[in-house]
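Observations on chain architecture
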Amino acid sequence: MKIGIIGAGNVGATLAKKLVASGHKVKLANSKGPETIRDLARDVGAVAVSKEEAVRNVEVIVLSIPFRNYSDLAELFHDVPDDVVVIDTSNYYPFRDGAIAKVDGGMPESVWVSEQIGRPLVKAWNAALALTLAEKGRRQGENERIALPVAGDDPKTKGIAMTLVEATGFAAVDSGALSESWRQQPGTPAYCTELSEAELKEALLFADRSRAAENRDSLIKEFMAAGGGLTNDEIVSRNRAGTAVMRH
Ligand SMILES: NC(=O)c1ccc[n+]([C@@H]2O[C@H](COP(=O)([O-])OP(=O)(O)OC[C@H]3O[C@@H](n4cnc5c(N)ncnc54)[C@H](OP(=O)(O)O)[C@@H]3O)[C@@H](O)[C@H]2O)c1
């Protein structure tokens, strides 16, 4: 497929590399301009472009920028045809992004992003650490694949996003409508916990909305206090411990 990725950081560049490796044509954009990511794009087999070019003549657009910046993209989608699939990888951390009242009031993050850009979207790849995305993908059929949730309202669009998640090496699990995507946000048991398909389904089912924001804030405080000294596995295990599933 022809894919435009906006955001060339930890997640955007990793997805570009993996999607190119699985046969897709990828354009990659950032905020500073294509000349600043030419080498990076070349190294992963993508083409560096402006964000305007990233949304032109593509079938899928992946958005992977800091949450607070989504309103910058509001004008970008005017001429993008309705059948182009938009996938959002974002997560909201108020300490980093600044407080956003609607999301603090309970609007799922990606519903808010959808409002910012004025069109429907699918939430995927948000619930894995960048290192997990980069290093822990496995081919279909291999044992112990990590599963990732994919939320969205239109079955066809979500199906395309799920196929792409699979192409990056993860078992895609349908996590329901976008309004249910709080189940895969920071502070929930599905978020960055590297679960199998069966474990992820259970985590999504038993997620507790009332605990998620508090879990998110206390876990990130722990990670900040560690000053970047935690390994990927240590972060995953603290996420598991801090969000353990409670059955009602
Ligand atoms: N890091 C993780 O482990 C992880 C895992 C899953 C999901 N996520 C989520 O995925 C998103 C991206 O995270 P990341 O860690 O990849 O971030 P990052 O490394 O900080 O990279 C952010 C990228 O977004 C670009 N960008 C920022 N504002 C932009 C704008 N207005 N227009 C176009 N490009 C813009 C930046 O370009 P410039 O450098 O040119 O400004 C940069 O290439 C975040 O919402 C994050 O919460 C992160």
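Below: a short report on this structure. (Residues numbered from 1 in each chain as written. Predicted model: local features only at pLDDT ≥ 70, side-chain atom pairs only at ≥ 80, totals over all residues. Heavy atoms only, no water.)

1. As for the overall build of the protein chain
- Within the protein chain, the regular secondary structure consists of eleven helices and eight strands.
- Relative to its length of 248 residues, the protein chain is compact, with a C-alpha radius of gyration of 17 Å against a globular reference of 18 Å.
- With the C-alpha coordinates of the protein chain rotated into their principal frame, the extents come out at 45 × 40 × 40 Å.
- Of all 248 residues assigned to the protein chain, the portion counted as buried reaches 53%.
- Look at the contacts in the protein chain between residues 6 or more apart in sequence, and 68% of them connect residues 24 or more apart.
- A total accessible area of about 11600 Å² is found for the protein chain, and carbon and sulfur atoms account for 50% of it.
- Looking at the protein chain, you have 30 positive and 34 negative side-chain charges, and the mean spots of the two groups are 2 Å apart. (Helix = DSSP H or I, 4+ residues; strand = E, 2+ residues; numbered from the N terminus. Rg over C-alpha atoms; globule rule 2.2 N^0.38 Å. Buried < 20%, exposed > 50% of the residue type's maximum accessible area, 1.4 Å probe, protein only. Contact = heavy atoms within 4.5 Å. Areas by Shrake-Rupley, 256 points an atom, 1.4 Å probe, with all protein chains shown as cover. Lys, Arg positive; Asp, Glu negative; His and termini not counted. Charge placed at Lys NZ, Arg CZ, Asp CG, Glu CD.)

2. Quick word on the site of the ligand
- Lining the immediate environment of the ligand, one finds 26 residues, of which Ala8, Val11, Ser31, Ile65 and Ala130 sit closest.
- Contacts to the ligand include asparagine 30, whose side-chain N or O atom sits 3.1 Å from an oxygen atom.
- Separating a nitrogen atom of the ligand from a side-chain N or O atom of lysine 51 is a distance of 3.1 Å.
- The protein chains hide 82% of the 900 Å² of surface that the ligand would expose on its own.
- Looking at the shell around the ligand residue by residue, the classes come out as eleven nonpolar, eleven polar and four charged. (Near = heavy atom within 4 Å. Polar contact = N/O pair within 3.5 Å; in protein donor to acceptor, adjacent residues only side chain to side chain. Nonpolar A, V, L, I, M, F, W, Y, C, P; charged D, E, K, R; others polar.)

3. Quick notes on the environment of aspartate 72
- Following the sequence through the fold, aspartate 72 ends up in the loop between β4 (60-63) and β5 (85-88).
- It is 29 Å that separates the C-alpha atoms of aspartate 72 and arginine 209, two residues lying 137 residues apart in sequence.

4. Remarks on the sheet that holds strand β1 (residues 2-6)
- Taken in spatial order, the six strands make up an open sheet running β3-β2-β1-β4-β5-β6, and their pairing is parallel. The open sheet has two edge strands with one neighbour each: β3 (47-48) and β6 (122-123).
- Where strand β2 (residues 25-29) lies against β3, two bridges are found, and the strand directions are parallel. Its bridge partner being in β3, lysine 27 is matched across the sheet by valine 47.
- Docked against the sheet, helix α8 (residues 155-167) engages β1, β4, β5 and β6, running at close to 60 degrees with respect to β5. (Pairing = 2+ DSSP bridges. Axes fitted to C-alpha atoms, helices over the stretch in contact; angles between N-to-C directions.)

5. Some details on the pairing of β5
- Taking every second residue as pointing to the same face, both faces of β5 are buried, with Val85 and Ile87 on one and Val86 and Asp88 on the other.
- As judged from the four bridges shared by β4 and β5, these two strands associate in the parallel manner. Note that in β5 the partner of isoleucine 61 across the bridge is valine 86.
- When β5 meets β6, the two strands line up parallel, connected through two bridges. Within the sheet, the bridge partner assigned to isoleucine 87 lies in β6 and is valine 122.

6. Concerning the pattern of salt bridges
- Counted under the stated rule, the structure contains 16 salt bridges.
- The salt bridge partner of glutamate 53 is lysine 27, with a shortest N-O separation of 2.9 Å. Here glutamate 53 is found in helix α3 (residues 51-54), whereas its partner lysine 27 is found in strand β2, with 26 residues between them in sequence.
- The salt bridge partner of aspartate 174 is lysine 158, with a shortest N-O separation of 2.7 Å. Note that aspartate 174 is positioned in strand β8 (residues 171-174) and lysine 158 in helix α8, a separation of 16 residues in sequence.
- Classification of aspartate 174 by relative accessible area gives partly exposed; the value is 44%.
- One connected set of salt bridges, linked through shared partners, spans Lys27, Glu53 and Arg56. (Salt bridge = Lys/Arg side-chain N within 4 Å of Asp/Glu carboxyl O.)

7. Observations concerning the packing of aromatic side chains
- Considering all chains together, one arrives at four aromatic pairs under this definition.
- Both rings, one in phenylalanine 67 and one in tyrosine 70, keep their centres 6.3 Å apart while their planes meet at 65 degrees; by these two values the pair is edge-to-face. Tyrosine 70 carries the same exposure label as phenylalanine 67, and that label is buried.
- Members of the aromatic cluster, connected to one another through ring pairs, are Phe67, Tyr70, Tyr92 and Trp112. (Phe/Tyr/Trp six-rings, centres within 6.5 Å; stacked < 30°, edge-to-face > 60°.)

8. Some words on the packing of helix α10 (residues 209-225) against helix α11 (residues 232-242)
- Between α10 and α11, the least distance of the axes is 10 Å, while the angle of their chain directions is 145 degrees. As α10 packs across α11, the resulting crossing turns out to be right-handed. Contact residues: α10 offers Arg211, Asn215, Leu219, Glu222 and Phe223, while α11 offers Ile235, Arg238, Asn239 and Gly242.
- Residues belonging to the contact of α10 with α11 are distributed by class as follows: three nonpolar, three polar and three charged. (Left-handed = near helix turned anticlockwise from the far one by under 90°.)

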